[in-house]
Amino acid sequence: MKRTLFEHGTGNEKKSKIEDEQQEEELIFSKPWKGSDGVVIVEDKELHVHTTVLSLASPVFEKMFNGGFKEAQTRRVTLEGKSYDLVEHMLKLIYPNDLSSLDPEPMLCPNCLVKKKQNRNLCRWNIARVKDTPEIKPLMENCRVCGKWLIRDSLGQRLYTKHLQKLYQIANEYMVKRIIELVKNEIDRQCRSLYDLFNAFDILESSELLDLKNIKEDCFKFISEYKFGVNPYTVQIIESKLQEREISLESNLRIKGILLQRFVESDSPASKGEIKKIAKGLASFDINKYGTPSQK
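As the structure is a computational prediction, the values presented were derived from the model and not from experiment.

Definitions and cut-offs
- Here the residue numbering is sequential within each chain, running from 1 through the sequence in written order.
- Per-residue local features are limited, in this predicted model, to residues with pLDDT of at least 70; the limit for side-chain atom pairs, both in listing and counting, is 80 or more; totals at the level of whole chains, interfaces and linings are taken over all residues.
- Side-chain calculation: all heavy atoms of the structure are included, whereas hydrogens and water are not.
- Any pair of Phe, Tyr and Trp rings, taking the six-membered ring for Trp, is counted once the centres come within 6.5 Å. Such a pair is stacked with planes under 30 degrees apart, edge-to-face with planes over 60 apart, and tilted for the rest.
- The numbering of helices and of strands both runs from the N terminus, where a helix is a DSSP run of H or I of at least 4 residues and a strand a run of E of at least 2.
- We call a residue buried when its accessible area falls under 20% of the maximum for its residue type, exposed when it is over 50%, and partly exposed in between, using a 1.4 Å probe and counting protein chains only.
- Confidence of the predictor in every single residue is expressed as pLDDT, which spans 0 to 100.
- Residues are treated as being in contact if the distance between any of their heavy atoms lies within 4.5 Å.
- Lines fitted to the C-alpha atoms define the axes, with helices restricted to the stretch that makes contact. Angles between their N-to-C directions range from 0 to 180 degrees.
- Relative orientations are named as follows: roughly parallel for angles under 35 degrees, roughly antiparallel for angles over 145 degrees, roughly perpendicular for angles from 65 to 115 degrees, and oblique for any other angle.
- The hand of a helix crossing depends on one turn: near helix anticlockwise from the far one by less than a right angle means left-handed, and clockwise means right-handed.
- Gly counts as polar in this scheme, as do all residues outside two lists: the nonpolar Ala, Val, Leu, Ile, Met, Phe, Trp, Tyr, Cys and Pro, and the charged Asp, Glu, Lys and Arg.
- Only strands that DSSP links by at least two bridges are regarded as paired with each other.
- Under the convention used throughout, the expected extent of a helix is 1.5 Å for every residue step, that is, one less than its residue count.

**Student:** I'd like to hear about the packing of aromatic side chains, residue by residue, with values.
**Tutor:** The description of an aromatic ring pair uses the distance of the two centres, along with the angle that the planes make with each other. Under the criterion given, the structure shown has seven aromatic pairs. For the ring pair Trp33 and Tyr95, a centre distance of 5.3 Å and an interplane angle of 45 degrees mean the geometry is tilted. Of this pair, Trp33 sits in the loop between helix 2 (12-26) and strand 1 (38-42) while Tyr95 sits in the loop between helix 6 (84-94) and helix 7 (110-115); the two residues are 62 residues apart in sequence, bridging distant segments of the chain. In this structure Tyr95 comes out as buried when scored by relative accessible area, which is 9%. With centroids separated by 6.3 Å and ring planes inclined at 20 degrees, the aromatic side chains of Phe61 and Phe65 adopt a geometry described as stacked.

Dropping the structure here:
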């Protein structure tokens, strides 16, 4: 459970304590600490770790530190081609720390971000009014300093979903079951609080990567029931958003089918032209031009 101001009490002392804990968490692997006996090197930077903790969390690390490799003697492991920030985040989730979160961005409102001498325009959180937005309450978080309810802006939500996908991929590579389950549970939580079409596309993309068939079907149910404008702009924007995401051929065609059905059912004069466009696109579909999600 994440700690917030409400759990610590009120006043400047409590705020300072939370900020100190956050700073300590940010620097936790930067130097030897509490009997750390191993080093993970990523992008030429060192992360100081406890080999027993990593070995218990990951069979891959267990083989590195306790197998017949040189790492077992040197206690130094270099992870080539990996992102330092991503590996550091994975380590924070492996270690028991109630301040660790699946979100790599600091959970701070724009005002608290400024107090930390950071640009408020970099903030991907908006202050939410709970009573006005009950349907998205499950997606809200507390600002770690002032405790205000926050909700991610649209770009923040997209970046968060992409980060979850990367976190799943690296956790899967190193067989860290705990993080795999955390990510799956978070995608499930996000799916139960879908709020617009493009948010549904993000979760659909994640459900395919994680092979979560039930969540994938829930996304399609939401998409098919979502009320969107029946006009040329709708087709353009949906196709544009689909191209930005690594969604399978099958799902692309299903979404096109939903669009086509919506236009067929519409009495709008513009619908005939859009039906022809969608039908023409399907009739001249070239799988070689489309490729696969991994080729995009």
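**Student:** Describe the confidence of the model for the chain, naming the residues involved and giving the relevant values.
**Tutor:** Model confidence for the chain is summarised by a mean pLDDT of 81, while 76% of its residues fall at 70 or above. Per-element averaging of pLDDT across the chain places helix 1 (residues 5-8) at the bottom with 38 and strand 1 at the top with 97. In this model residues 1-11 is a low-confidence stretch, pLDDT under 50, and it forms 29 contacts with partners more than four residues away in sequence or in other chains. A low-confidence stretch, residues 292-296 stays under pLDDT 50, and its non-local contacts, those more than four residues away or across chains, total eight contacts.

**Student:** Any details on the packing of helix 11 (residues 213-225) against helix 13 (residues 249-265)? Residues and values, ideally.
**Tutor:** In contact at an axis separation of 10 Å, helix 11 and helix 13 are set at 20 degrees when each is read in the N-to-C sense. One element, helix 11, and the other, helix 13, form an angle in the roughly parallel class. The handedness of the crossing between helix 11 and helix 13 comes out as right-handed. Counting all contacts with helix 11, which are made through Lys216, Glu217, Phe220, Ile223, Ser224 and Glu225, the residues of helix 13 involved are Glu250, Ser251, Arg254, Ile255, Ile258 and Arg262.

**Student:** Which residues make up unusual backbone geometry, and what values go with them?
**Tutor:** Its identity is not glycine, yet Lys34 carries a phi of approximately 40 degrees, on the positive side. Position of Lys34 among the secondary structure elements: in the loop between helix 2 and strand 1.

**Student:** Any details on the packing of helix 8 (residues 154-173) against helix 9 (residues 177-191)? Residues and values, ideally.
**Tutor:** One way to put it is that helix 8 packs onto helix 9 with a least axis distance of 9 Å and a crossing angle of 150 degrees. Taken together, the axis directions place helix 8 and helix 9 in an arrangement best described as roughly antiparallel. At the point where helix 8 passes helix 9, the crossing takes the left-handed sense. Mapping the contact onto sequence places Gln157, Tyr160, Leu164, Leu167, Tyr168, Ala171 and Asn172 in helix 8 and Ile179, Ile180, Val183, Lys184, Glu186, Ile187 and Gln190 in helix 9. Residues belonging to the contact of helix 8 with helix 9 are distributed by class as follows: nine nonpolar, three polar and two charged.

**Student:** Account for the sheet that holds strand 5 (residues 141-142), naming residues and giving values.
**Tutor:** Pairing is antiparallel across the open sheet formed by three strands, whose spatial order is 4-6-5. The sheet is open, and its two edges are formed by strand 4 (125-127) and strand 5, each paired on a single side. As judged from the two bridges shared by strand 5 and strand 6 (residues 149-152), these two strands associate in the antiparallel manner. Each residue of the ladder has a partner; that of Asn142, found in strand 6, is Trp149.

**Student:** Describe the sheet that holds strand 3 (residues 76-78), naming the residues involved and giving the relevant values.
**Tutor:** Spatial strand order, 2-1-3: three strands in an open sheet with mixed pairing. Every other strand in the sheet has two partners, leaving strand 2 (45-49) and strand 3 as the edge strands with one partner each. Here the average twist between neighbouring strands, direction ignored, is 25 degrees. Both strand 1 and strand 3 contribute to a ladder of three bridges, which runs parallel. Paired with Ile41 across the strands is Thr78, a residue of strand 3.

**Student:** Mind laying out the environment of Leu54, listing which residues take part and the relevant values?
**Tutor:** Structurally, Leu54 is set in helix 3 (residues 51-57). Residues Leu54 and Ile94, 40 residues apart in the sequence, show an inter-C-alpha distance of 7.5 Å. In this structure, Leu54 is in contact with Val40, Val49, Phe61, Phe65, Leu91 and Tyr95, ignoring residues within four places of it in sequence.

**Student:** So what about the side chain of Asn199? Which residues, and what values?
**Tutor:** Its location among the elements puts Asn199 in helix 10 (residues 197-209). Since its relative accessible area comes to 2%, Asn199 is described here as buried.

**Student:** Kindly report on helix 9, identifying the contributing residues and their values.
**Tutor:** Taking 1.5 Å per residue, 15 residues should reach 21 Å; helix 9 reaches 21 Å between its end C-alpha atoms and fits that length. If you check which residues of helix 9 are buried, you get Ile179, Ile180, Val183, Glu186, Ile187, Arg189, Gln190 and Cys191. Against helix 6, strand 5, strand 6, helix 8, helix 10 and helix 11 lie the buried residues of helix 9.

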